[in-house]
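A look at the structure
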Amino acid sequence: MGKEKITIVGSGNWGSAIARIAGNNVKQNPDMFDEQVKMWVFEEEFEGKKLTEIINEEHENRKYLPGVALGENVVAIPDIGEAVKGATVLIFVMPHQFLVKTLDQMEGKVTKGIRAVSLAKGVEVNGSDIKLFADIISERLEISCAALSGANIANEVARDRFSETTIGVRKKEDGDMWKKLFTTPKFRVSIVDDVAGVSLCGALKNIVAVGSGLADGLEWGNNSKAAIMRIGLMEMKSFCQEFFEGVKEETFLEQSAGVADVITSCLGGRNMKVATAFVKEKRSFEELEKEMLNGQKLQGIHTAKEINTFLKARNRVDAYPLFTNVYRICWEGKPAEELTDGL
Ligand SMILES: NC(=O)c1ccc[n+]([C@@H]2O[C@H](COP(=O)([O-])OP(=O)(O)OC[C@H]3O[C@@H](n4cnc5c(N)ncnc54)[C@H](O)[C@@H]3O)[C@@H](O)[C@H]2O)c1
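In this text, all values refer to a predicted model and were calculated from it rather than measured experimentally. Numbering of residues begins from 1 in every chain and follows the order in which that chain's sequence is written. Residues qualify for local features only when their pLDDT is at least 70, as the model is predicted, and side-chain atom pairs are given and counted only at 80 or more; totals for whole chains, interfaces and linings, by contrast, use all residues. Only hydrogens and water are set aside; all other atoms, that is, all heavy atoms of the structure, feed into the side-chain values.

Here's the deal with the sheet that holds strand E12 (residues 187-192)
Should DSSP find at least two bridges between two strands, the strands are regarded as paired. Helix numbers and strand numbers start at the N terminus; a helix is a DSSP run of H or I with at least 4 residues, a strand a run of E with at least 2. The strand order across the open sheet formed by eight strands is E5-E2-E1-E6-E7-E10-E11-E12, and the pairing between neighbours is mixed. The sheet is open, and its two borders are formed by strand E5 (74-77) and E12, each paired with just one other strand. Each strand axis lies, on average, 25 degrees off the axis of its neighbour in the sheet, ignoring direction. Pairing geometry for strand E7 (residues 115-118) and strand E10 (residues 144-149), over four bridges, is parallel. Among the inter-strand pairings, Ala-116 is bridged to a residue of E10, identified as Cys-145. The sheet strands contacting helix H11 (residues 256-267) are E10 and strand E11 (163-168), and the helix crosses E11 at an angle near 140 degrees. With axes taken as lines fitted to C-alpha atoms, and helix axes fitted only over the stretch in contact, angles between N-to-C directions fall between 0 and 180 degrees. Residue contacts follow a heavy-atom distance rule, with two residues in contact if any of their heavy atoms lie within 4.5 Å.

Some words on the domain arrangement of the chain
Domain delimitation follows an automatic or database domain assignment. Split into domains, the chain comes out as domain 1 (4-193) and domain 2 (204-338). Centre-to-centre, using C-alpha coordinates, domain 1 lies 25 Å away from domain 2. Opposite the 27 residues of domain 1 that make contact, domain 2 presents 28 residues. For the pair domain 1 and domain 2, the two sides together bury roughly 2200 Å², of which 57% comes from carbon and sulfur. Defined in terms of a 1.4 Å probe, buried area is the accessible area two parts forfeit on being brought together, summed over both. Area buried by domain 1 at its contact with domain 2 is led by Lys-121, Ser-128 and Ile-130, which between them contribute 22% of it. In protein, a polar contact means a hydrogen-donor-capable atom and an acceptor-capable atom, both N or O and within 3.5 Å, with residues adjacent in sequence counting only if both atoms are side-chain atoms; elsewhere, any N or O pair within 3.5 Å suffices. The interface formed by domain 1 and domain 2 contains 12 residue pairs in polar contact (both at pLDDT 80 or more). Among the elements of the structure, strand E8 (123-126), strand E9 (129-132), E11 and E12 are those that each provide at least two residues to the side of domain 1 that touches domain 2.

What follows is the structure, encoded as structure tokens:
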């Protein structure tokens, strides 16, 4: 069998942190992996220069992950067709609002039957229909797609501060390759056969993180935040078990993708911080995202809207009061003080 050729589809804050890990690990496992890691970059100008040129010349993504060396074997490519050509392993890591459009551009350019993993946190909702990104990627490209999620604030992982992550796989035998690609002494990978549970935890915890940020903005203190984390985790679990078959209880309570990611996202992370500012400064999310995130994207408010659309279509809004209150506060002008009404 030939060596695995890795392409990362996306190059933001998390994409760059993962590129650094994959770039180092392919060099540690030369029998298994090709030495070059390609990274598709949505081209843009940064400080008067193309971002791909900055990455390829300075080996650093100065816009999205400043101060962290990516390794010379990570090569930035602006053309998606060129980036995925010949790849045997694809790592999808982009803000979820861009995923479907990017898949459109990839059609016919990816070798069928290769393996992929989705690191994007979100879901695709169409009325009463809900789809996981891992499933959309699998169906659109006719490839097998796993899901990686966990308590992984990119800036901390990129600086080798100890973290854990969870990868949900479809075939147990794929676990070894994913572990070799992502494990480091400071980044522990756990493999589970629960693609849906891992994917949904990653998406839904962003709504809970917005809730935690709203509570912080109101200066409600730690008891309230802990309650929001607990209730949020329970709503996440109910949602998964109500609408998806085979999701495992352990994913919520024992995995980094479950409880640990809820905690880290509710204590820090962009969704929480921007939601705090939304309450304190009384400005729009759009404005705050532009001002506070330097090109990074907010996810939780969009996921809250999508999940609300889905729950309305299924007539189940009242069964998920925290998700619903977060949605109404963010999108319908409900006062933030009513965050815990009906919980
Ligand atoms: N940053 C984190 O700490 C972190 C941790 C774990 C998971 N995640 C998840 O990983 C995914 C990617 O997040 P990130 O932090 O790498 O992204 P980000 O928010 O830092 O990046 C923005 C990215 O979007 C790209 N972009 C902008 N406009 C685009 C367009 N029109 N089409 C395609 N791409 C466009 C930019 O080039 C940039 O790469 C998200 O789903 C996020 O929830 C993030």
